[in-house]
Amino acid sequence: MILKKWFAAVLVTALVLQVACYYDNEEELYPDGGQPNTCDTASVTYSATIQPLLQSKCYVCHSQAAALGNIVVEGYANARQYALSGQLYGSINQSSGYLPMPQGGGKLPACDIAKVKKWVDDGAPNN
Ligand code: HEC
């Protein structure tokens, strides 16, 4: 009888621990590698979001000075042109029919892609 109780207690503890460990799984909570699984696209603007993103990921090849493939995404008017043509989003989302960008680099984080999509869907405003 005592043994049975003890056994039951161990079983319950084991189950509780198993459940606790399951829900503490870091990769499940933070699939983007440590970043909380939230992406705020509500406050996306060209100046605060898009321009810095393009500068850090794309200007190395697509600035006025570099212009690889004859493509420049530096400056609002240039970025807007590729936004409205669909090429900006298509290339970073690596949609079929577009050359995957950034070339030779890993795909941008999903949140960055979502922010670009928001800006493009808003009509690529100069804000
Ligand atoms: C290492 C250099 C490099 C980087 C970094 C890079 N690109 Fe490119 N990109 C190229 C080259 C080269 C081409 C032209 C390839 C060709 O025509 O074969 C190109 C083409 C493009 C095109 C035309 C694609 C199409 O299918 O019409 C777009 C749009 C573009 N890049 C956007 C970007 C954006 C946005 C970024 C940043 C997220 C970026 N690129 C980062 C080198 C780069």
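Being a predicted model, the structure only gives us computed values, none of them experimental. (Residues numbered from 1 in each chain as written. Predicted model: local features only at pLDDT ≥ 70, side-chain atom pairs only at ≥ 80, totals over all residues. Heavy atoms only, no water.)

1. Let's talk about the coordination of the iron atom of the ligand
For step 1, the next point in the chain: At this site the iron atom of the ligand is bound by H62 (NE2) and M101 (SD), with donor distances of 1.9 to 2.2 Å.
For step 2, the next point in the chain: In this structure, the iron atom of the ligand is coordinated by six donor atoms arranged in octahedral fashion, with angles at the metal of 86 to 177 degrees. Of the two residues, H62 sits in helix 4 (residues 59-62) while M101 sits in the loop between helix 6 (87-92) and helix 7 (110-121), which places them 39 residues apart along the sequence. Taken as a pair, H62 and M101 share a single burial class, namely buried. (Donors = N, O, S within 2.8 Å, 3.2 Å for Na, K, Ca; no water. Tetrahedral: all angles 85-135°; square planar, octahedral: opposite > 155°, others 65-115°. Helix = DSSP H or I, 4+ residues; strand = E, 2+ residues; numbered from the N terminus. Buried < 20%, exposed > 50% of the residue type's maximum accessible area, 1.4 Å probe, protein only.)

2. Re the site of the ligand
For step 1, the next point in the chain: Inspection of the region around the ligand gives 17 residues, with C58, C61, H62, Q87 and M101 positioned closest.
For step 2, the next point in the chain: Within the side chain of H62, an N or O atom sits 2.7 Å from a nitrogen atom of the ligand.
For step 3, the next point in the chain: Residue assignment for the shell around the ligand shows that the elements contributing at least two residues are helix 4 and helix 6.
For step 4, the next point in the chain: A per-element tally of the shell around the ligand places helix 6 first, with four residues. (Near = heavy atom within 4 Å. Polar contact = N/O pair within 3.5 Å; in protein donor to acceptor, adjacent residues only side chain to side chain.)

3. Points about helix 5 (residues 76-85)
For step 1, the next point in the chain: When we look at burial in helix 5, the residues that qualify are A79, Y82 and A83. Relative to the axis of helix 5, the buried residues are bounded by an arc of 105 degrees and lie together on one face.
For step 2, the next point in the chain: Lining the buried residues of helix 5 we find helix 3 (46-57), helix 6 and helix 7.
For step 3, the next point in the chain: Of the residues trailing helix 5, G86 is marked for its positive phi of about 90 degrees. (Arc of directions from axis to C-beta. Contact = heavy atoms within 4.5 Å.)

4. Thoughts on the environment of L108
For step 1, the next point in the chain: Within the fold, L108 resides in the loop between helix 6 and helix 7.
For step 2, the next point in the chain: Dropping the residues within four chain positions of it, L108 is found in contact with K57, I92, P102 and I113.

5. Some points on the packing of aromatic side chains
For step 1, the next point in the chain: Counting across every chain of the model gives two aromatic pairs.
For step 2, the next point in the chain: With 5.2 Å between their ring centres and 75 degrees between their planes, Y46 and Y76 make a pair best called edge-to-face. Note that Y46 is positioned in helix 3 and Y76 in helix 5, a separation of 30 residues in sequence.
For step 3, the next point in the chain: One aromatic cluster is present, formed by Y46, Y76 and W119 through successive ring pairs. (Phe/Tyr/Trp six-rings, centres within 6.5 Å; stacked < 30°, edge-to-face > 60°.)

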